[in-house]
Number of protein chains: 2
Amino acid sequence: MTKTVAVMATLDTKGEEVKYVKKQFGKRGVKTLVMDTGLRGTPQGVKADVTREQLAAASGSTVEKLAAMGRGEAIEVMVKGIAKIVKELYGQGRFQGIMAIGGLDGALLTTGAMRTLPLGVPKLLLTPVAQGKQQFGPFVGTTDMVVMHSVIDILGVNEISRKIFDNAVGAMAGMLRMDVSTKIEGRNVIAMTMYGNTTPTAMLAKKLFEERGYEVVVFHPNGTGGMSMEEMIDQGLFNGVFDLTTHEITDWLYNGVHAGGPTRLDAGVRSGVPQVVVPGCVDFILMGPIEKLEPEFRKRKTYKFNPAVSLVSATREEMEHIASVMAEKLNRAKGPVLVLIPLRGFSMYCHPGEPLYDPERDAAFIKALKGKLSPRIRVKEVDAHINDPLFAETSVAELAKLMGN
Amino acid sequence: MTKTVAVMATLDTKGEEVKYVKKQFGKRGVKTLVMDTGLRGTPQGVKADVTREQLAAASGSTVEKLAAMGRGEAIEVMVKGIAKIVKELYGQGRFQGIMAIGGLDGALLTTGAMRTLPLGVPKLLLTPVAQGKQQFGPFVGTTDMVVMHSVIDILGVNEISRKIFDNAVGAMAGMLRMDVSTKIEGRNVIAMTMYGNTTPTAMLAKKLFEERGYEVVVFHPNGTGGMSMEEMIDQGLFNGVFDLTTHEITDWLYNGVHAGGPTRLDAGVRSGVPQVVVPGCVDFILMGPIEKLEPEFRKRKTYKFNPAVSLVSATREEMEHIASVMAEKLNRAKGPVLVLIPLRGFSMYCHPGEPLYDPERDAAFIKALKGKLSPRIRVKEVDAHINDPLFAETSVAELAKLMGN
């Protein structure tokens, strides 16, 4: 089947460039569906398959109104319209991959729509702003976005830009040829959250799950990883969840680097997926360089993880609050949940002889958690540290039981 | 010709994943050259074509010594060895594209070597850390790097990771099929630096150059763009340089966002390429959100460009210093240089009625620049604003003359 790629750009400033890209896709047997995201000058070079007027209308506005708005406001309005049309056309099978060409505004405008498409759909952003201090987050979100740095401004078809465009076309055409399915067929997939900090138990659990015939998909709960997992839980992709590292809750409540927002744990709770939830690494806040910590944090137990990252011990009061937030969320669980507590420490450096060890505080957390959890939520305490083999073995056996094995 | 892709990863933790990727490349008719960047556990899954011992030796060290070093130090040492081997093997035609799979350490370790390869060579980084607050700069540098977010941790071959790996393989195989040449054949290429702020003259100059049979390659001088241009100048890619927007010098001297480092202007100077140099946008420092400016900058003339960017007027003293730095660099020029000065303002918002207008300061800059430039460096003053058509026309005519037309 001939594949089609949706190409988004502002045709007033990038019409000639899109014309070249379209021609190169044609040579590789790939059709294009050109979407004009421009607002101001006259479209150049190629005819849009989806016009700016159609995009504006889908945004509940008009080109004239949008052009008169401030830059930020117009982007905010248009993102919604573009996302709506992109989802519709993808749903109708009108394209199988999507590519955007643009600067900062163009990238923000288009990637919002691209991010609504499922994992596996080829998504490519070609932009000169993928450099320096620009962060990945605003373009990539939680998706499998591919970003290519254009080196030069996207302005003109010349000997250098042709090399850049050709490789971008090649990358997209190559992804389309792989024909990656967006469906998840397997019915033996477990999601697991893992830090370097919880690797010993994660690796052993992965091995034990695999011996039982499961595949394990590992998420790094860095503020994005947990959200990615929860999106996939909502899509029903997993048979079970081993939420070993729920640290993002602490960073969300206390402004750590890996804050993932207020929705952590919610997908597991509302989906009814069987899950084993562990307070892994909830006992520290992940912060920046140790020498830049605020005085109030320097007074606490800390650990210099590397020059850019320090771990700051959570206080007893903070831990009690974290316990109540977790309990309040878990009490709404629609499916089978087991809260599994490692009595000898929730993280690698909270262990006798390690810098973040604080057993009294942990006891207060456990008491608070058990006190707030509804009686129908089962709790099991394991006389082990989170990284002890016994804890991994217990976790695997318990989740297997919840999944009916 | 069968293409080969170099695949870099730590085979102790990612051997099974590399094995899968190798198999998928094989199905697409692409050979692999596996380089093991691991240091600790036993390599798994596939046999390395370039072993960790070879990489360590190229780094002037041994695997044992490197494994005993701190994380940061080992990376610093190994980057050099990997870069050396990558350059050698690429030079011998042993591979035509390069791919790295890894987390933060792996990405830092490998992209340093990937960035030594010329523009046009397919370069792909697959990593879970391309998200959130992670910046592009450390991975991309000034190159045409392609970065793909893996969504999940690269740990295991499962139903989700196979989709990610397949698209990464497809993107690389597709780029290799394009057979993009790294050579620049054209002998009619002009490099130009342009901001949104200097777009009117840049666009008119581009049109006028094209009418004369030139191609114009446009760089965005955001701290990376200027460096990219200078690297290409050093490679001898351009017939002429229209350095319309030398703003990066100001941001380097006064800690602006678009600081590109101390080498700006140097490649043009040492290469002898004909150039027209303009003090475009040297009259402001590009800073962050206007409401977060330090008090000393709030006292100055400022312009809110957007919610994230403000332009802060440079003082007379700063401008005089900028003039002396530019003059000191340009005085070393080996080729024909014309310094072209727009007498009625160096940037869009320095114009009568605009917020950054300061003609007395500009006069002081011009006086300082002319005073410090060696008599053999020609200066021409144009009675126009930088964005007036007269200035664009004069620039084009003068650079054409310098290039012998």
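Residues numbered from 1 in each chain as written. Chains lettered and ligands numbered in written order. Predicted model: local features only at pLDDT ≥ 70, side-chain atom pairs only at ≥ 80, totals over all residues. Heavy atoms only, no water.

1. Considering the overall build of chain A
We apply this condition: The helix and strand labels rest on DSSP assignments: H or I over at least four residues marks a helix, E over at least two residues marks a strand, and numbering proceeds from the N terminus. Here the term buried applies to any residue with accessible area under 20% of the maximum for its type, exposed to any over 50%, and partly exposed to those in between, with areas from a 1.4 Å probe on protein chains only. Residues count as neighbours in contact if any of their non-hydrogen atoms are within 4.5 Å of one another. Areas reported here follow the Shrake-Rupley algorithm with a probe of radius 1.4 Å; residue values treat only the protein chains shown as occluding.
The helix and strand tally for chain A stands at 15 helices and 14 strands. Projected onto its principal axes, the C-alpha coordinates of chain A cover approximately 70 × 50 × 40 Å. A burial count over chain A gives 62% of its 405 residues as buried. Considering only contacts in chain A between residues 6 or more positions apart, those separated by 24 or more positions represent 73%. Within the structure as shown, chain A displays about 15300 Å² of accessible surface, and the carbon and sulfur contribution to it stands at 52%.

2. Section: the packing of helix α1 (residues 11-27) of chain A against helix α7 (residues 159-178) of chain A
All names here are of chain A. As a reminder of what qualifies: A fitted line through C-alpha atoms serves as each axis, taken over the contacting stretch for helices, and the angle formed by two N-to-C directions is quoted from 0 to 180°. Roughly parallel refers to an angle under 35 degrees, roughly antiparallel to one over 145, roughly perpendicular to one between 65 and 115, and oblique to any angle outside these ranges. Should the near helix be turned anticlockwise from the far one by less than a right angle, the crossing is left-handed, and should it be turned clockwise, the crossing is right-handed.
Their axes nearest at 10 Å, the elements α1 and α7 cross at an angle of 45°. As far as their axial angle goes, α7 and α1 are oblique. Both α1 and α7 take part in a crossing whose hand is right-handed. Taken together, the residues of α7 that come into contact with α1 (itself represented by Glu17, Tyr20, Val21, Gln24 and Phe25) are Arg162, Phe165, Asp166, Val169, Met172 and Ala173.

3. What about the interface of chain B and chain A?
How big an interface is tends to be reported as the loss of accessible area on association of its parts. In plain terms, the rule: Reported buried area values correspond to the accessible surface (1.4 Å probe) lost by two parts on association, with both partners' losses combined. We define a salt bridge as a side-chain nitrogen of Lys or Arg found within 4 Å of a carboxyl oxygen belonging to Asp or Glu. Nitrogen and oxygen atoms within 3.5 Å of one another constitute a polar contact, given that in protein one can donate a hydrogen and the other can accept it, and given that sequence-neighbouring residues count only through two side-chain atoms.
Listed by partner, the interface residues are 73 residues for chain B and 73 residues for chain A. Carbon and sulfur atoms make up 60% of the surface buried where chain B meets chain A, a total of about 6100 Å² over both sides. Scanning the region where chain B abuts chain A turns up two salt bridges. The closest approach of N and O atoms between A:Glu215 and B:Arg162, which form a salt bridge, is 3.2 Å. Here chain B is connected to chain A by 25 residue pairs in polar contact (both at pLDDT 80 or more). At the level of secondary structure, the elements contributing two or more residues to the side of chain B that touches chain A comprise α6 (137-140), β5 (146-149), α7 (159-178), α8 (199-211), β7 (215-219) and α9 (225-234) of chain B. Considering every element that reaches the side of chain B that touches chain A, the biggest residue donor is α7(B), with 14 residues.

4. Digging into the relation of the copies chain B and chain A
Put simply, the rule reads: Only residues with pLDDT of at least 70 in both copies count here: their C-alpha atoms drive the least-squares fit that superposes the copies.
Note on the copies: chain B fits chain A at an RMSD of 0.1 Å, the axial shift is 0.1 Å, and the rotation between them is 180°. Here the symmetry operator amounts to a two-fold rotation axis. Comparing interface residues between copies, 100% of those in chain B also lie at the interface in chain A; the contact surface is shared.

5. Some points on the sheet that holds strand β10 (residues 284-287) of chain A
Residue and element names in this part refer to chain A. Heads up, the rule is: One requirement defines pairing of two strands: DSSP has to find at least two bridges between them.
A sheet is described by the order of its strands in space; here three strands give the open sequence β10-β12-β11, paired in antiparallel fashion. Either end of the sheet is taken by a strand with one partner, and the two such strands are β10 and β11 (302-306). On average, each strand axis in the sheet is tilted by 25° relative to the strand beside it, whichever way the strands run. Bridge analysis of β10 against strand β12 (residues 309-313) gives four bridges, and the strand direction is antiparallel. Among the inter-strand pairings, methionine 287 is bridged to a residue of β12, identified as serine 310.

6. Structural notes on the environment of B:Leu253
Along the polypeptide, B:Leu253 turns up in helix α10 (residues 248-253). Apart from residues lying up to four places away in sequence, B:Leu253 is in contact with B:His321, B:Ile322 and B:Val325.

7. Examining the sheet that holds strand β8 (residues 240-243) of chain B
All names here are of chain B. Strand order in the open sheet formed by six strands is β7-β6-β8-β9-β13-β14, and the pairing between neighbours is parallel. The outermost strands of the open sheet, each flanked by one partner alone, are β7 and β14 (378-382). The sheet shows a mean angle of 20° between the axes of neighbouring strands, direction not considered. Relative to strand β9 (residues 275-277), β8 runs parallel, the two being bridged by three bridges. Considered in β9, the bridge of phenylalanine 242 is made with valine 276. Helix-sheet contacts for α8 involve β6 (189-193), β7 and β8, and the interaxial angle to β6 is about 175°. Contacting β6, β7 and β8, α9 crosses the sheet at an angle of about 140° to β7.

8. Section: the packing of helix α13 (residues 316-330) of chain A against helix α14 (residues 359-372) of chain A
Residues and elements named next belong to chain A. Stated formally: Asp, Glu, Lys and Arg are counted as charged, while Ala, Val, Leu, Ile, Met, Phe, Trp, Tyr, Cys and Pro are counted as nonpolar; the rest, among them Gly, fall into the polar class.
Where α13 contacts α14, the axes come no closer than 8 Å and their chain directions differ by 25°. The orientation of α13 relative to α14 falls into the category roughly parallel. Here α13 runs over α14; the crossing is right-handed. Within the contact between the two elements, α13 uses Arg316, Met319, Glu320, Ile322, Ala323, Ser324, Met326 and Ala327 and α14 uses Arg361, Asp362, Ala364, Phe365, Ala368, Leu369 and Lys372. For the contact of α13 with α14, the class distribution of residues is nine nonpolar, one polar and five charged.

9. A word on the domain arrangement of chain A
Our working definition: Domain extents, as shown, originate in an automatic or database domain assignment.
Taken as a whole, chain A is organised into domain 1 (4-178) and domain 2 (189-402). Relative placement of domain 1 of chain A and domain 2 of chain A: their C-alpha centres are 38 Å apart.

10. Observations regarding the environment of B:Pro289
Residues and elements named next belong to chain B. Along the chain, proline 289 turns up in the loop between β10 (284-287) and α12 (295-298). A C-alpha to C-alpha distance of 35 Å links proline 289 and lysine 372, two positions 83 residues apart in sequence. Contacts of proline 289, omitting those with residues within four sequence positions, involve Pro307, Ala308, Val309 and Ser310.

11. As for the pairing of β14(B)
Residue and element names in this part refer to chain B. For clarity, the cut-off: Here, the term right-handed applies to a crossover whose path from the first strand over the helix to the second runs clockwise when the strands point away from the viewer.
Summarising the sheet, strand β13 (residues 337-342) and β14 pair through five bridges and their orientation is parallel. By the bridge assignment for β14, proline 342 is matched with valine 382. In terms of handedness, the path from β13 via helix α14 (residues 359-372) over to β14 forms a crossover that is right-handed.

12. Points about the pairing of β6(B)
Looking along a regular strand, one sees the side chains alternate between the two faces of the sheet. All names here are of chain B. β6 sits mainly inside the fold: five of its five residues count as buried. Residues Val189, Ala191 and Thr193 line one face of β6 and the alternating positions Ile190 and Met192 line the opposite face, and both faces are buried. Looking at chain direction, β6 and β7 are connected through five bridges and run parallel. Paired with valine 189 across the strands is glutamate 215, a residue of β7. Of the strand pairs in this sheet, β6 and β8 are connected by three bridges, and their pairing is parallel. Residue alanine 191 lies in a different strand from β8, and its bridge partner there is valine 241.

13. Remarks on unusual backbone geometry
Residue and element names in this part refer to chain B. For aspartate 179, which is not glycine, the phi torsion reads 55° and is therefore positive. Tracing the backbone shows aspartate 179 in the loop between α7 and β6. Its relative accessible area of 54% is what places aspartate 179 among the exposed residues. At asparagine 255, a position not held by glycine, the phi torsion is positive, near 60°. Considering the arrangement of structural elements, one finds asparagine 255 in the loop between α10 and α11 (266-271). Under the relative-accessibility criterion, asparagine 255 is labelled exposed at 68%.

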